[in-house]
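The chain contents come next:
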Amino acid sequence: MLIKTKFLHYAAGIAALLTLTQCFYTDKQNEGEKLYTQYCANCHMDDGSGLRNLIPPLAGADYLENHRDELACIIQHGQTGNIVVNGKNYNQGMPGFEHLNKGQITNILNYVQTNFGNSNPRFTIQEVEKQLLKCRHLLEQ
């Protein structure tokens, strides 16, 4: 009887562990990289180096730190006008990706923040959501 009880506890533990593992497994692994490749790499290049004097680099870009509170809005709504990245002027417009949701934008930002030689703090989905709400209100004015 004692062996049967121990076996049942062991089996229940294994079942719980398998269930828990499935909770953390996702097919969205590396989603940030996939989304970057799909939406950003054509202009910013696979390695984040940018396109000469037209498109700013993301690799080692001071802009990522200096304009952190604007990055989610830039991805969703695009950007026009002059910007300065690592002391260099860029004036090529960037299209927005209005159809991307806050989770996808968070994943792209976190990929960029932690790759290409960048070691910036990661974004939370709540931080991205706040940025998107803020820029939506500014666009509506």
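Bear in mind the structure is a predicted one, so any value in this text is a computation, not a measurement.

Asker: Now, about the packing of helix α2 (residues 31–39) against helix α6 (residues 102–113): what can you tell me, with residues and values included?
Answerer: Remark: α2 packs on α6, axes separated minimally by 8 Å, with the N-to-C direction vectors making an angle of 90°. Judged on the interaxial angle alone, α6 and α2 are roughly perpendicular. Across from E31, G32, E33, L35 and Y36 in α2, the residues of α6 making contact are Q104, N107, I108, Y111 and V112. Here the residues of the contact of α2 with α6 sort into five nonpolar, three polar and two charged.

Asker: Which residues make up the layout of surface pockets, and what values go with them?
Answerer: Of the pockets and cavities examined, the largest pocket occupies roughly 470 Å³. If you list the elements that add at least two residues to the lining of the largest pocket, you get α3 (41–44), α4 (62–66), α5 (71–77), β1 (83–85) and α6.

Asker: Break down the nonpolar core for me, citing the residues and quoting the values.
Answerer: Counting 28 residues, the largest nonpolar core has Y36, L71, I105, I108, L109, V112 and V128 as the members making the most contacts within it. Taken together, the elements giving at least two residues each to this core come down to α2, α4, α5, β1, α6 and α7 (125–140). Those residues in contact with L109 that lie beyond four places of it in its chain are L71, A72, I75, F123 and V128.

Asker: Can you explain the pattern of salt bridges? Please cite residues and give values.
Answerer: Counted according to the given criterion, the structure contains two salt bridges. Note that R68 is salt-bridged to E127, the shortest N-O span being 2.9 Å. Placement of the pair is R68 in the loop between α4 and α5 and E127 in helix α7, with a sequence separation of 59 residues. Residue class for R68 comes out buried when judged on its relative accessible area of 18%.

Asker: Help me get a handle on the packing of aromatic side chains, residues and values and all.
Answerer: Tallying each qualifying case throughout the model produces four aromatic pairs. A ring pair is formed by Y36 and Y111, whose centres lie 5.5 Å apart and whose planes are at 45°; its orientation type is tilted. In this pair, Y36 sits in helix α2 while Y111 sits in helix α6, placing the two residues 75 residues apart along the sequence. By relative accessible area, which is 15% here, Y111 ends up buried.

Asker: Lay out the state of the cysteines in plain terms, naming residues and giving numbers.
Answerer: Counted according to the given criterion, the structure contains one disulfide. In this model, C73 is linked to C135 through a disulfide, with the two sulfur atoms separated by 2.2 Å. Linking C73 and C135, the disulfide has an S-S dihedral of approximately -100° and is accordingly described as left-handed. Within this pair, whereas C73 is found in helix α5, its partner C135 is found in helix α7, the two being separated by 62 residues in sequence. For the pair shown, C73 and C135 are each scored as buried.

Reading guide: rules and limits
- Residues numbered from 1 in each chain as written.
- Predicted model: local features only at pLDDT ≥ 70, side-chain atom pairs only at ≥ 80, totals over all residues.
- Heavy atoms only, no water.
- Axes fitted to C-alpha atoms, helices over the stretch in contact; angles between N-to-C directions.
- Helix = DSSP H or I, 4+ residues; strand = E, 2+ residues; numbered from the N terminus.
- Parallel < 35°, antiparallel > 145°, perpendicular 65-115°, else oblique.
- Contact = heavy atoms within 4.5 Å.
- Nonpolar A, V, L, I, M, F, W, Y, C, P; charged D, E, K, R; others polar.
- 1 Å grid on protein atoms, 1.4 Å probe; cavity = no way out; pocket = protein on both sides within 12 Å on 5 of 7 lines; lining within 4 Å.
- Points joined across faces, edges and corners; volume = space filled by probe spheres on them.
- Core = buried A, V, L, I, M, F, W, Y, C linked by side-chain atoms within 4.5 Å.
- Buried < 20%, exposed > 50% of the residue type's maximum accessible area, 1.4 Å probe, protein only.
- Salt bridge = Lys/Arg side-chain N within 4 Å of Asp/Glu carboxyl O.
- Phe/Tyr/Trp six-rings, centres within 6.5 Å; stacked < 30°, edge-to-face > 60°.
- Disulfide = S-S within 2.5 Å.

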